[in-house]
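A structural walkthrough
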Amino acid sequence: MFDRFRGRQRVRRALERTLLRAAAQAPDFLEEIRAMAEGAGVTFSDLFRLNLTELHTYADKCTTVIVPVHSPGGRSILIGHNEDWDPKRNDVFILRAHLPELSYVVLSYDGYLPGLSSGRNSFGLCHAINYLRPRDQRIGLPRIFITRFLVTAPNIQACLKWMTHHPRAFGQGIHMAQGGRYCGIELTAKRHVLWRPCLPAVHTNHYLCRRLRPQWTNAGLSSRVRLRAARRILGKARAVKTLSQARRLVCHLLADQSALPYPIWRDGLNAEDPGATVASTIFATQSDALTVYRDRPDRSRPLTVTCPARL
């Protein structure tokens, strides 16, 4: 629905007004955009338009891997995420916030509400997002308002309720972990299906749930190639028994470039695949740290930012 409005400014702005009315379901997040606009010295309408990612889609972006770790202290979940983007648009930064009721650390984009990439909060809730382009699109809550809820949510159940009880404009793949539990969900504008893979597992940028089979026609070549390469790496990996082993496996996978011209770590130099990996994140439910790599994880030193547990 949204792509056909390119170059038609009057129609596009009418669509923006309609989406603004739909976004009134999340008044706190609208107010957050308003405050960001005031602080940046730009108009609210301009910043709201930027946050409507439905209007300027970029489908083949991001790879997420989920690895369970079993230890004497119980099971935990490690998540690795390559944040891919068009390097000509804008950059990412690490946002660490301390609020009276909680704190969080997330990888964020300049000008956007937090929640489009990956991170964790002091409730121990971890999340990562995969961009998916559904065939069914409609007027509803823009996708950034769906994912913003994850940043400050107390638990997985609250997230599922938020996602499924609001009419959505778009779709995406969402990964959540807390304690020893992992929960994945694939959303279209009108449907949602819990993704229940056998862990370890990987997700790229097309729908994997069989019940959403009609959505598979939107699978890009980059997404399919990266998924095959990542699954091949996971299939050859030995059983992961410790958190350090899991981290090494995830670093190796996120840095892989064996499937050129559609590698998992993307340098933005391939004409066939112009996207670039702007950062990689690795984090676990049993740790309060978000580890961020600006360059390939197998050959660079990360920055580690902590998110203290809620007292």
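The text that follows walks through the structure, step by step, so that each part is easy to find. A quick note: this is a predicted structure, and the numbers were derived from the prediction, not measured. (Residues numbered from 1 in each chain as written. Predicted model: local features only at pLDDT ≥ 70, side-chain atom pairs only at ≥ 80, totals over all residues. Heavy atoms only, no water.)

1. As for empty space enclosed by the protein
Filter applied, for reference: Cavities and pockets are found on a 1 Å grid laid over the protein atoms alone: a cavity is a set of points where a 1.4 Å probe fits but cannot escape, a pocket is an open set with protein on both sides within 12 Å along at least five of seven lines, and a lining residue has an atom within 4 Å of such a point. Grid points are joined across faces, edges and corners, and a volume is the space filled by probe spheres set on the points.
Counted by the stated rule, this structure contains one cavity of 30 Å³ or more. Approximately 100 Å³ is the volume attributed to the largest cavity. Taken together, 11 residues form the lining of the largest cavity, with Thr53, Lys61, Trp85, Leu116 and Arg143 sitting closest to its centre.

2. With respect to unusual backbone geometry
Peptide bonds are, in most cases, trans, and in most cases residues other than glycine have a negative phi. The cut-off we apply is this: Numbering of helices and strands starts at the N terminus; helices are DSSP runs of H or I of at least 4 residues and strands are runs of E of at least 2.
A cis geometry characterises the amide bond from Leu199 onward to Pro200, with omega recorded as 5°. Structurally, the position occupied by Pro200 is in the loop between β9 (192-195) and β10 (201-203). Going from Leu260 to Pro261, the amide bond is cis rather than trans, its omega being 10°. For Cys62, which is not glycine, the phi dihedral falls at a positive 90°.

3. Things to note about the packing of helix α4 (residues 143-152) against helix α5 (residues 156-164)
The line we're drawing: Note on geometry: axes are C-alpha line fits, over the in-contact stretch for helices, and angles between N-to-C directions span 0 to 180 degrees. Working definition: roughly parallel below 35 degrees, roughly antiparallel above 145 degrees, roughly perpendicular at 65 to 115 degrees, and oblique for all remaining angles. For any pair of crossing helices, the crossing counts as left-handed if the nearer helix is rotated counterclockwise from the farther one by less than a right angle, and right-handed if it is rotated clockwise. Contact criterion: two residues are considered in contact whenever any of their non-hydrogen atoms come within 4.5 Å of each other. Three classes are used: nonpolar for Ala, Val, Leu, Ile, Met, Phe, Trp, Tyr, Cys and Pro, charged for Asp, Glu, Lys and Arg, and polar for all others, with Gly counted as polar.
The N-to-C vectors of α4 and α5 enclose an angle of 165°; their axes lie 10 Å apart at closest approach. Relative to α5, the element α4 is oriented roughly antiparallel. When you trace α4 past α5, the crossing you get is right-handed. For the pair α4 and α5, contact is made by Phe145, Ile146, Phe149 and Leu150 and by Ala158, Cys159, Trp162 and Met163, respectively. Of the residues that constitute the contact of α4 with α5, the class distribution is eight nonpolar, no polar and no charged.

4. Section: the sheet that holds strand β1 (residues 63-71)
To keep it simple, the criterion reads: Strands are labelled as partners when DSSP assigns at least two bridges between them.
Spatially, six strands are ordered β10-β1-β2-β11-β12-β13 in an open sheet, and the strand pairing comes out antiparallel. What marks the edges here is a single partner per strand, and that holds for β10 and β13 (303-306). Strand-to-strand twist across the sheet, computed as the mean angle between neighbouring axes with direction ignored, equals 20°. Pairing geometry for strand β11 (residues 276-284) and strand β12 (residues 289-293), over four bridges, is antiparallel. Directly across from Ile282, in β12, lies its bridge partner Thr291. In this fold helix α7 (residues 243-254) packs onto β1, β2 (74-85), β11 and β12, with an angle of close to 165° to the strand it touches most, β1.

5. Looking at the sheet that holds strand β7 (residues 172-178)
Read across the open sheet, the seven strands follow the order β3-β4-β5-β6-β7-β8-β9; overall the sheet is antiparallel. One side of each edge strand has no neighbouring strand; the edge strands of this open sheet are β3 (92-98) and β9. Averaged over all adjacent pairs, the angle separating strand axes in this sheet is 20°, with direction ignored. Pairing analysis gives four bridges linking strand β4 (residues 103-109) to strand β5 (residues 118-121), with the strands arranged antiparallel. Note on β5: the bridge partner recorded for Val105 is Arg120. Contacts from α4 reach β4, β5, β6 (126-131), β7 and β8 (181-187) within the one sheet, and its direction differs from that of β7 by about 5°. α5 rests against β7, β8 and β9 of the sheet, and its axis sits at about 5° to β8.

6. Regarding the packing of aromatic side chains
Definition in use: Here a pair means two rings of Phe, Tyr or Trp (six-membered ring of Trp) with centres within 6.5 Å. Their orientation is stacked below 30 degrees between planes, edge-to-face above 60, and tilted elsewhere. Partly exposed describes any residue whose relative accessible area lies between the buried limit of under 20% and the exposed limit of over 50%, with all areas from a 1.4 Å probe on protein chains only and scaled to the type maximum.
In total, this model carries eight aromatic pairs according to the counting rule given. Taken together, a centroid distance of 5.1 Å and an interplanar angle of 55° make the contact between Trp85 and Tyr109 tilted. In this pair, Trp85 sits in strand β2 while Tyr109 sits in strand β4, placing the two residues 24 residues apart along the sequence. The same class applies to Trp85 as to Tyr109, namely buried. Ring plane angle 5° and centroid distance 4.7 Å describe the contact between Phe149 and Trp162, whose orientation is recorded as stacked. Placement of the pair is Phe149 in helix α4 and Trp162 in helix α5, with a sequence separation of 13 residues. Accessibility assignment for this pair places Phe149 and Trp162 in one class, buried.

7. What about the layout of surface pockets?
Of the pockets and cavities examined, the largest pocket occupies roughly 150 Å³. Put simply, the parts of the chain that give the lining of the largest pocket at least two residues each are α1 (9-23) and α3 (44-50). For the lining of the largest pocket, the class distribution of residues is three nonpolar, one polar and four charged.

8. Considering helix α2 (residues 27-40)
Note on helix geometry: an α-helix contains 3.6 residues per turn, so any two residues three or four positions apart are oriented the same way. This is how it is decided: The length a helix should cover is 1.5 Å for every residue beyond the first. The reported arc concerns the directions from the helix axis to the C-beta atoms and nothing else.
Along its 14 residues, α2 runs 20 Å from first to last C-alpha, staying within 8% of the 20 Å computed at 1.5 Å per residue. Buried within α2 are the following residues: Phe29, Leu30, Ile33 and Ala37. All buried residues of α2 lie within an arc of 105° about the axis, which places them on one face of the element. Those residues of α2 that are exposed and angled more than 90 degrees off the buried face are Asp28, Glu38 and Gly39. If you follow the buried residues of α2, they end up packed against α1, α3, α4 and α5.

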